[in-house]
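# What the coordinates show
What follows is the residue order along each chain.
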Amino acid sequence: MSEKSVSFEQSIAELEEIVKKLEKGELTLDDSINCFQRGVELTKFCNKKLDEAERSITMLIEGENGIVEKEMPALGQ
Amino acid sequence: MPTKSVLTVSELNKYIKDLISRDIILSGIWVKGEISNFKSHYSGHFYFTIKDEKSVLKCVMFRSHAASVIFEPEDGMKVLIRGYISVFERDGQYQLYAEEIQPDGVGALYVAFEKLKQKLASEGLFDEARKRKLPYLPASIGVVTSSTGAVVRDIINILSRRFYNVNIKVYPVQVQGEAAAGQIAAAVRRLNELGNVDVIIVARGGGSLEELWTFNEEVVARSIYESRLPVISAVGHETDFTISDFVADVRASTPSAAAELVMPERSVVENRLDSLKMRLRNAILKKTAMERLMLKRLGESVAFRQPYNKIYQERMLLDVQKRYMQKALSVLSSQYRNKLSLLAARLDSLSPLNSLARGYGIIRSEKDDTLVKSVRSISVGESLKVYVTDGTLSCRVEEISEKPHGKGTRGTGDTGEAGKGAGDPAEDDKRAGVRGAGVQIEIQDMMGKPEGGLK
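Glancing now at the confidence of the model for chain B. Residues and elements named next belong to chain B. When pLDDT is averaged along chain B, the result is 84, and 88% of the positions lie at 70 or above. Put simply, helix α14 (residues 430–447) is where chain B has its lowest mean pLDDT, 38, and strand β9 (residues 231–235) is where it has its highest, 96. Contacts for the low-pLDDT stretch residues 407–455, under 50 throughout, to residues beyond four places or in other chains number 51 contacts. In the predicted complex, the global pTM is 0.53; the interface-specific ipTM is 0.82.

Another point: the interface of chain A and chain B. Counting from both sides, the interface comprises 45 residues of chain A and, opposite them, 47 residues of chain B. In this assembly, chain A and chain B are joined by five salt bridges. For glutamate 23 of chain A, the salt bridge is made with arginine 279 of chain B, and the minimal N-O distance between the two is 2.8 Å. Broken down by element, the residue count for the side of chain A that touches chain B peaks at 12 residues, all from helix α1 (residues 3–24) of chain A. Relative to strand β7 (residues 167–172) of chain B, strand β1 (residues 56–63) of chain A is paired through four bridges, and the arrangement is parallel. In the strand pairing of β7 of chain B, threonine 58 of chain A is matched with lysine 169 of chain B.

A cluster of nonpolar side chains, Leu7, Leu12, Tyr15, Ile16 and Leu19 of chain B, forms an exposed patch at the surface whose accessible area comes to about 460 Å². One can find leucine 7 of chain B in the segment before α1 (9–22).

Residue and element names in this part refer to chain B. Enumeration over the complete set of coordinates arrives at eight aromatic pairs over all chains. Taking the centre distance of 5.6 Å and the plane angle of 40° together, the rings of phenylalanine 38 and phenylalanine 48 count as tilted. Highlighted residues: phenylalanine 38 in strand β1 (residues 29–40) and phenylalanine 48 in strand β2 (residues 46–51), separated in sequence by 10 residues. Both residues of the pair, phenylalanine 38 and phenylalanine 48, count as buried. Through pairs of rings, three or more aromatic residues link up here, namely Phe113, Phe126, Phe241 and Phe246. Here arginine 251 stacks its cationic end above the ring of phenylalanine 241, 3.7 Å away from the centre of that ring. Of note, arginine 272 hangs over the ring of tyrosine 136, and the distance from its end group to the ring centre comes to 4.7 Å.

With that settled, consider the pairing of β1 of chain A. Residues and elements named next belong to chain A. In the sheet, β1 pairs with strand β2 (residues 66–71) via six bridges, with the strands oriented antiparallel. Residue pairing in the sheet places methionine 59 in a bridge with lysine 70 of β2. Two successive antiparallel strands, β1 and β2, enclose a turn made up of two residues.

What counts as what
Residues numbered from 1 in each chain as written. Chains lettered and ligands numbered in written order. Predicted model: local features only at pLDDT ≥ 70, side-chain atom pairs only at ≥ 80, totals over all residues. Heavy atoms only, no water. pLDDT = per-residue confidence, 0-100. Helix = DSSP H or I, 4+ residues; strand = E, 2+ residues; numbered from the N terminus. Contact = heavy atoms within 4.5 Å. Salt bridge = Lys/Arg side-chain N within 4 Å of Asp/Glu carboxyl O. Pairing = 2+ DSSP bridges. Patch = residues over 30% accessible without salt bridge, like charges linked within 9 Å, V, L, I, M, F, W, Y side chains within 5 Å. Areas by Shrake-Rupley, 256 points an atom, 1.4 Å probe, with all protein chains shown as cover. Phe/Tyr/Trp six-rings, centres within 6.5 Å; stacked < 30°, edge-to-face > 60°. Buried < 20%, exposed > 50% of the residue type's maximum accessible area, 1.4 Å probe, protein only. Lys NZ or Arg CZ within 6 Å of the ring centre and 35° of its normal.

Written as structure tokens, this is what we have:
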């Protein structure tokens, strides 16, 4: 499993946790600010993950020297 | 007697066997029939006959082939058998040596399906507990399906619509026919080896039970079971269930549904993220606003606004205490004043001045100012001072007469007579004089002070 998807999932889950904790309002101001900063980092990270993936549709072909990744031929609609 | 050579039974049987064995058709045939007298020998061989309406054929299937039969053959089952015809010399009987046996017709396929399903279920391949969650946002999706046709196109279209920067790797395979199962299993294993996808979709469009049969093959089921990556099985239509569906982590009713399951819509993810962002912002704003308010309240608290309040308050309390104390003191002093005036009145009643007022006098020698208590300390012609209530008299002694001893006039002479007739102190006896002197000393002390000092 690639690192990317795991960390996106974990990041958004952590972000959700942080927001819930913050919304309860039971943290000290210092802790709240720390949480907020972490939350901002996480949203930035998640946004980055959403945008950084490149669209690619390929076909994996078993060749003599192992798998070859080729552009997927255009498919009729 | 026959002229031609005579054969033994064995020779004949051997001859027939050789004859049959040389026949090309009989050495590899498919025979269709219904099983009867089925016996699964402890050795692992199957012995049975197949029949149709008119005839019966003896069959044997040796362990080496019988072991690979995935269903349990039984009497009455219609089957297709591949094998060859040979002769069992001992009994002089030809029979079908079966190498492969398949259920014949849909009903039989269903039986085979159920058998495999039970077998794999008992091995735990379908356990819910071992099913993995799909990744929320897979970075890359492997699709094992035919590279041509509607299925791969639909999957790509739907994934692209949901998430434009999607990453799809198609692993083309045959999805029906003899080679299909092996190819699909190999593709699933290969994708696991490569590890360049987060999730695998195994898909095929709709078809007949026979056409979908590949996805009921054990080798496909095992490859899915062994996959490290989560697998979505999407075979046929909503009503089609295959073994792959049971063993996969998620069953999608159709290939299009698989595409929708595996990838969230980008807008949904963005909304989720945006909403979290907003909530995060609001939460911290609320927190800081609350803290600011608290601070403001603290600043506005009485202690900060009127720092002297406390002091004033304490001073007020002090004043109250002081008043209490003064009151208590004045009560106390008036009590003492009363007591004092009582004492003074009593003292006053004892004062010799009163005695003076009643007509007594105090006599002192002019020369040394000593009290005159006896005639013996005085000589004729001496000057004396006599103190009476309203002044002093200066006198001269003209005559001295001593009282004779033993004469007891003590009772009255005590204070009364001792001083009576200031000029006659001699009349007092010694003891009375001493007592009188006590009083007189007091008076003498008082005399220098303003008159009536005690009143």
